[in-house]
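Fold and contact review
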Amino acid sequence: SSNPDVNKELVSSINENREYKVSSIDNENSIKHIKDVSAVDIQDKTNLQKLVEQSSLISTSVGPKFVPEIAAAINEYVVSDSVIFIAFENQYRASTSAFKDLKNKLIPLDAVVDKIVPPQSKDSLDVLVEDFGSIFIEKNEYRPLTESEVVSYGDYENEFIKKLWLLNGLHLKLSYFGLSKELKYIHELFESHESSIFATKALNSLKEARDDESWDLVKEIISYIEEYEEFADDDIDQWAEKIDYDD
């Protein structure tokens, strides 16, 4: 596979090594070798054009602020009206918004992605990631990726609210509160009365912000936190009871 990039040093390193390793945070023995890769500098118009003309699916993972620049550069060279573009970014409708000022030839599909990638070494191409990953693409007539445990299609608006606003927003809110109290881990929030009250109010604010039909999303978040953040079961049960209003 080939990848257009804005980082000249990274492009050079990829083309020199032609491979990299992906290791798992959860399992030190899980190592995948990604081979036969190459990269193209986004400013290299000749090679970029060749790459785009051969592509049926183009995706990005470069940070939201760079997506419009890449979309504009790629759009110039698209010769087919069936090339799909997906921006794998933590931004609302990153794919379609990148083309709002362009007469696009590409087919942009909005997606919500979930994959924890900690800060990486700048001296190595190898990456360390968590095993869990999710790609959720807005349901439409196109199916560029096969549905699987990782890939799914459905209601983009609900998924974005669940992932970016509710899940990430709740984590961020609790994390900053914990840091202000000089705590290191999320579960420590439930070891003091003051912190438990704050966490409860955080969930209450989500319920008040959403109508009753969307309360299932908040319950799903509670289940997610219970599974992945390793809260004590009793804490989660008590927390859920406090915020679960009677109908």
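The notes below deal with the structure included here. (Residues numbered from 1 in each chain as written. Predicted model: local features only at pLDDT ≥ 70, side-chain atom pairs only at ≥ 80, totals over all residues. Heavy atoms only, no water.)

Below, the discussion takes up the pattern of salt bridges. Within this structure, the stated rule accounts for six salt bridges. For Lys8, the salt bridge goes to Asp41, with nearest N and O atoms at 2.7 Å. Remark: Asp41 occurs in strand β4 (residues 38–41) and Lys8 occurs in helix α1 (residues 8–17); sequence separation between them is 33 residues. What makes Asp41 buried here is its relative accessible area of 17%. Of the charged contacts in the structure, one is a salt bridge between Glu159 and Lys162, with a shortest N-O distance of 3.2 Å. Of the two residues, Glu159 and Lys162 are both situated in helix α5 (residues 156–180); the distance of three residues between them amounts to about one turn of the helix. The same class applies to Glu159 as to Lys162, namely buried. Linked by salt bridges that have partners in common, Arg93, Asp110, Glu138 and Glu157 make up one network. (Salt bridge = Lys/Arg side-chain N within 4 Å of Asp/Glu carboxyl O. Helix = DSSP H or I, 4+ residues; strand = E, 2+ residues; numbered from the N terminus. Buried < 20%, exposed > 50% of the residue type's maximum accessible area, 1.4 Å probe, protein only.)

This part takes up the sheet that holds strand β11 (residues 151–154). Pairing within the open sheet is mixed, and its three strands lie in the order β8-β10-β11. Because the sheet does not close on itself, it has two edges, and the strands there are β8 (111–114) and β11. Between one strand axis and the next, the sheet turns by 20° as a mean value, whatever way the strands run. Its contacts with the sheet put α5 on β8, β10 (134–138) and β11, and the angle it makes with β8 is roughly 30°. (Pairing = 2+ DSSP bridges. Axes fitted to C-alpha atoms, helices over the stretch in contact; angles between N-to-C directions. Contact = heavy atoms within 4.5 Å.)

Read these as spatial facts, not as claims about activity.
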